[in-house]
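Descriptive analysis of the structure
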Amino acid sequence: VQLQASGGGLVQAGGSLRLSCATSSLTLSHYSVGWFRQAPGKEREFVAAISRGGKVTSAANSVKGRFTISRMNAKNTVYLQMTGLKPEDTAVYYCAARTDVSGGYSERDYQYQFWGQGTQVTVSS
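Let me sum up the structure you'll find in this document. (Residues numbered from 1 in each chain as written. Predicted model: local features only at pLDDT ≥ 70, side-chain atom pairs only at ≥ 80, totals over all residues. Heavy atoms only, no water.)

To continue, consider the environment of R44. Position of R44 among the secondary structure elements: in the loop between β4 (31-38) and β5 (45-50). With a relative accessible area of 34%, R44 lands in the partly exposed category. Spatially, the C-alpha atom of R44 lies 13 Å from that of W115, the residues being 71 residues apart in sequence. The residues touching R44, leaving out its near neighbours within four places in the chain, are F36, R37, Q38, Y94, D109 and W115. At 3.2 Å, the side chain of R44 forms a polar contact with the side chain of D109. (Helix = DSSP H or I, 4+ residues; strand = E, 2+ residues; numbered from the N terminus. Buried < 20%, exposed > 50% of the residue type's maximum accessible area, 1.4 Å probe, protein only. Contact = heavy atoms within 4.5 Å. Polar contact = N/O pair within 3.5 Å; in protein donor to acceptor, adjacent residues only side chain to side chain.)

Structure below.
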């Protein structure tokens, strides 16, 4: 099972990107989904998460007000809209899915069972 993260690229500071997370192996509506990122030399960190139904979301303080997570279950896809990008947002971004019977989400990467390969986001100053 693999998730496909896409949409990364090189953008100037202040610019925008929209990342997508899709899969043909899972019915994503059955899972909560999170985005994580890892910059060179740093640990992987939580970015945003969304519940199965899309009604509950969470975002890290560092991206609140700039990044928005959403999902379109009909397209089996989760999105991360990133605006106001900063050089410190440069990282490989990963999406992940987890079984969640509570209808919530998790900010802990070890609680996610399925991962994508990552997409590089580079923000130039």
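From this point, things continue past the structure.
For strand β9 (residues 91-99), the buried fraction is high: seven of the nine residues fall into the buried class. Here eight bridges tie β4 to β9, and the two strands are oriented antiparallel to one another. If you follow W35 over to β9, its bridge partner there is C95. Across two bridges, the pairing between β9 and strand β10 (residues 114-115) is antiparallel. Note that in β10 the partner of A97 across the bridge is F114. (Pairing = 2+ DSSP bridges.)

To continue, consider the packing of aromatic side chains. Under the criterion given, the structure shown has five aromatic pairs. Seen from their ring centres, Y31 and F114 are 5.8 Å apart, and the 85° between their planes marks the pair as edge-to-face. Residue Y31 is found in strand β4, and its partner F114 is found in strand β10; the two are separated by 83 residues along the sequence. For Y31, a relative accessible area of 14% puts it in the buried group. Judged by its relative accessible area of 22%, F114 falls in the partly exposed class. For the pair F36 and Y112, a centre-to-centre distance of 5.3 Å together with 80° between the ring planes defines the contact as edge-to-face. With F36 in strand β4 and Y112 in the loop between β9 and β10, this residue pair connects regions lying 76 residues apart in the sequence. We classify F36 as buried; its relative accessible area is 1%. Y112 gets classed as buried once you look at its relative accessible area, which sits at 6%. The rings of F36, F46, Y112 and W115 are connected pair by pair, giving a single aromatic cluster. (Phe/Tyr/Trp six-rings, centres within 6.5 Å; stacked < 30°, edge-to-face > 60°.)

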